[in-house]
Amino acid sequence: MRKFKSVEELINTLKPDYPVYCIRPDSIKKSVDFFKNKFPGTVLYAVKTNPHEKVLKSIISNGIDSFDVASLNEIQLIKKIMPSAKLYFMHTIKSRESIFESYFNYGVRNFALDSKDELMKILEITKGAKDLNLYVRISTSNEHAEIDLSRKFGASPSEALGLVRLCKEHGRKIGISFHVGSQCMHKVSFSKAINEIGNIIKKTKIIPDTINVGGGFPSIYPDLRPESLESYIEEIKKALKNLKLSKIPKILCEPGRALVAESGSTVVKVNLRKKQKLYINDGTYGTLFDAGVPNFILPTRMIQNGRVQSKKQTAFNLYGPTCDSLDYMKGPFLLPNNIKEGDYLELGQLGSYGLTFRTKFNGFYSNQIFELSDKPIMSMYDNSSKLDYLVA
Ligand SMILES: *Cc1c(COP(=O)(O)O)cnc(C)c1O
């Protein structure tokens with residue numbers, strides 16, 4: 001993979017007419033170091049967030065060897081790169097083939113579920129295996145998250161009691177897991193869910209071998225500035241301590257966004273400006289899905305190209321390259337007032353849920369990916385770049 005020192009060097013060298021994607025391994029090192037040093041348990045990387053080989057290899061080289069996977073393709077991908085990786089099949093609804101292949105051919109022993117039917121399916125396909133680690137995923141409030149997962153997954157409190165008892169009976173080990181929703185803006189969501197696990201423990205008198213607090217740890221965006229990740233981790237530790245368990249379970253987390261969001265960015269060219277509308281060469285069918293209907297406001301900046309950038313900032317809406325009207329990113333994205341056709345913009349925080357969403361719809365697709373050693377536009381792990389952004 002070709003490397004550049006900065007986005008400016010990349011753009012002024014290539015002057016690309018197609019979107020280009022940046023990966024910053026230094027940024028992955030920072031986030032992985034943070035979680036490895038501060039989180040009181042094992043850190044699993046949620047592979048769906050960004051399965052690019054360069055990203056996976058950076059994560060692995062910084063010391064993560066456990067992965068939250070959701071499909072056979074993700075399992076094969078990780079096993080190819082790291083045969084010794086520990087895999088956790090945390091999708092609660094799996095096909096029969098994927099259960100069979102993962103158990104018999106890839107050595108997967110960790111499986112999540114949120115219904116009795118799924119448990120029965122797992123037991124039937126693994127021929128009543130006695131070496132399963134079964135994770136009951138409970139539903140929990142996603143009220144503070146930007147992306148709500150609770151309508152699709154999770155056992156209700158009453159269902160969870162029965163499932164925990166059944167998994168205790170059939171599994172070698174039992175875990176309880178939850179997901180507070182992606183980009184969770186309030187740490188209290190974690191302690192509420194841990195308290196709910198406390199209620200299940202009291203009612204079933206079963207202490208799980210593992211508690212998995214899931215993903216949902218936030219990144220930073222211009223309009224979403226969460227409390228520090230340290231404070232989330234302190235909240236989790238406090239809630240776990242308050243359970244006052246006679247035996248301390250193993251603790252897992254499955255961050256995706258918080259590990260990789262700021263490591264990736266997309267650089268686009270402006271094809272046309274119509275007043276406050278900028279027509280750019282990547283969109284919601286490319287890496288900008290999250291800026292579409294989910295309406296994430298990404299940090300943006302104009303790339304220095306020798307022209308003076310006006311100090312006055314204007315709020316722009318962005319339009320992607322395809323002929324579809326859903327290919328629209330409302331923003332507002334703040335950019336210099338004098339931006340015009342031919343200028344380049346960098347859109348940040350796309351290391352998560354960016355590259356992996358690209359389609360070839362309408363013939364627009366770029367696979368031009370470069371390694372950068374400069375800093376991301378905004379960071380949760382580096383106070384100085386936050387200030388840079390506020391000053392800029
Ligand atoms: C998507 C997902 C994650 C990662 O979520 P983030 O919000 O990106 O941290 C973790 N666990 C499971 C089960 C998921 O589906």
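Residues numbered from 1 in each chain as written. Predicted model: local features only at pLDDT ≥ 70, side-chain atom pairs only at ≥ 80, totals over all residues. Heavy atoms only, no water.

Draft legend 1. Main features of the overall build of the protein chain. If you tally the helices and strands in the protein chain, you get 11 helices and 19 strands. For 392 residues, the compact-globule formula gives about 21 Å, and the C-alpha radius of gyration of the protein chain, at 22 Å, lands near that figure. The C-alpha extent of the protein chain, read off along each of the three principal axes, is 70 × 40 × 40 Å. Taken over 392 residues, the protein chain has a buried fraction of 56%. Taking contacts inside the protein chain between residues at least 6 apart in sequence as the whole, the part at least 24 apart equals 73%. Positive and negative side-chain charges in the protein chain, numbering 57 and 41 respectively, have mean positions lying 2 Å apart. (Helix = DSSP H or I, 4+ residues; strand = E, 2+ residues; numbered from the N terminus. Rg over C-alpha atoms; globule rule 2.2 N^0.38 Å. Buried < 20%, exposed > 50% of the residue type's maximum accessible area, 1.4 Å probe, protein only. Contact = heavy atoms within 4.5 Å. Lys, Arg positive; Asp, Glu negative; His and termini not counted. Charge placed at Lys NZ, Arg CZ, Asp CG, Glu CD.)

Draft legend 2. Local environment of the environment of Val55. Its place among the elements puts Val55 in helix α3 (residues 53-61). Given the relative accessible area of 0%, Val55 is considered buried. Between the C-alpha atoms of Val55 and Ile23, which are 32 residues apart in sequence, the distance is 7.6 Å. Discounting residues that sit within four places of it in the chain, Val55 has contacts with Ile23, Ile28, Tyr45, Asn50 and Val260.

Draft legend 3. Quick peek at helix α4 (residues 72-81). Looking only at α4, the buried set comprises Leu72, Glu74, Ile75, Ile78 and Ile81. Lining the buried residues of α4 we find α3, β4 (66-69), β5 (86-89) and α5 (96-104).

Draft legend 4. Structural view of the nonpolar core. Judged by nonpolar contacts, the single largest core of 81 residues is most densely connected at Phe35, Tyr45, Phe67, Val213 and Phe217. Counting only domains with at least three residues in this core, you end up with domain 1 (3-22 + 261-391) and domain 2 (25-259). In this structure, Phe67 is in contact with Leu44, Tyr45, Val47, Ile59, Ile60, Ile78, Met82, Ala85, Lys86, Leu87 and Tyr88, ignoring residues within four places of it in sequence. By size, the runner-up hydrophobic cluster in this structure holds 21 residues, among which are Leu224, Leu288, Leu298 and Leu347. (Core = buried A, V, L, I, M, F, W, Y, C linked by side-chain atoms within 4.5 Å. Domains from an automatic or database assignment.)

Draft legend 5. Main features of the domain arrangement of the protein chain. On domain assignment, one finds that the protein chain holds domain 1 (3-22 + 261-391) and domain 2 (25-259). One C-alpha centre belongs to domain 1, the other to domain 2; they are set 31 Å apart. Taken together, the 27 residues of domain 1 in the interface contact 32 residues of domain 2. Taken over both partners, the interface formed by domain 1 and domain 2 buries close to 2,500 Å², and the fraction arising from carbon and sulfur atoms is 62%. In this assembly, domain 1 and domain 2 are joined by two salt bridges. Of the charged contacts in the structure, one is a salt bridge between Lys30 and Asp382, with a shortest N-O distance of 3.5 Å. Summed over the shared surface of domain 1 and domain 2, the number is eight residue pairs in polar contact (both at pLDDT 80 or more). Secondary structure elements with two or more residues in the side of domain 1 that touches domain 2: β19 (369-372) and α11 (383-391). Looking at the side of domain 1 that touches domain 2 residue by residue, the classes come out as 15 nonpolar, seven polar and five charged. (Buried area = accessible area lost by both parts, 1.4 Å probe. Salt bridge = Lys/Arg side-chain N within 4 Å of Asp/Glu carboxyl O. Polar contact = N/O pair within 3.5 Å; in protein donor to acceptor, adjacent residues only side chain to side chain. Nonpolar A, V, L, I, M, F, W, Y, C, P; charged D, E, K, R; others polar.)

Draft legend 6. Focus on the pairing of strand β6 (residues 110-113). Burial along β6 is two-sided: Asn110 and Ala112 and Phe111 and Leu113, pointing in opposite directions, are all buried. In this structure, β5 lies alongside β6, joined through two bridges in parallel fashion. Opposite Tyr88, over in β6, you have Asn110 as the bridge partner. Following the backbone out of β5, through α5 and into the adjacent parallel β6, one traces a crossover that is right-handed. As judged from the four bridges shared by β6 and strand β7 (residues 133-137), these two strands associate in the parallel manner. (Pairing = 2+ DSSP bridges. Right-handed = clockwise from strand over helix to strand, strands pointing away.)

Draft legend 7. Spatial organisation of the confidence of the model for the protein chain. With 97% of its residues at a pLDDT of at least 70, the protein chain reaches an overall mean of 96. Throughout residues 385-392 the model reports pLDDT below 50, and contacts reaching past four residues in sequence, or to other chains, amount to 13 contacts. (pLDDT = per-residue confidence, 0-100.)

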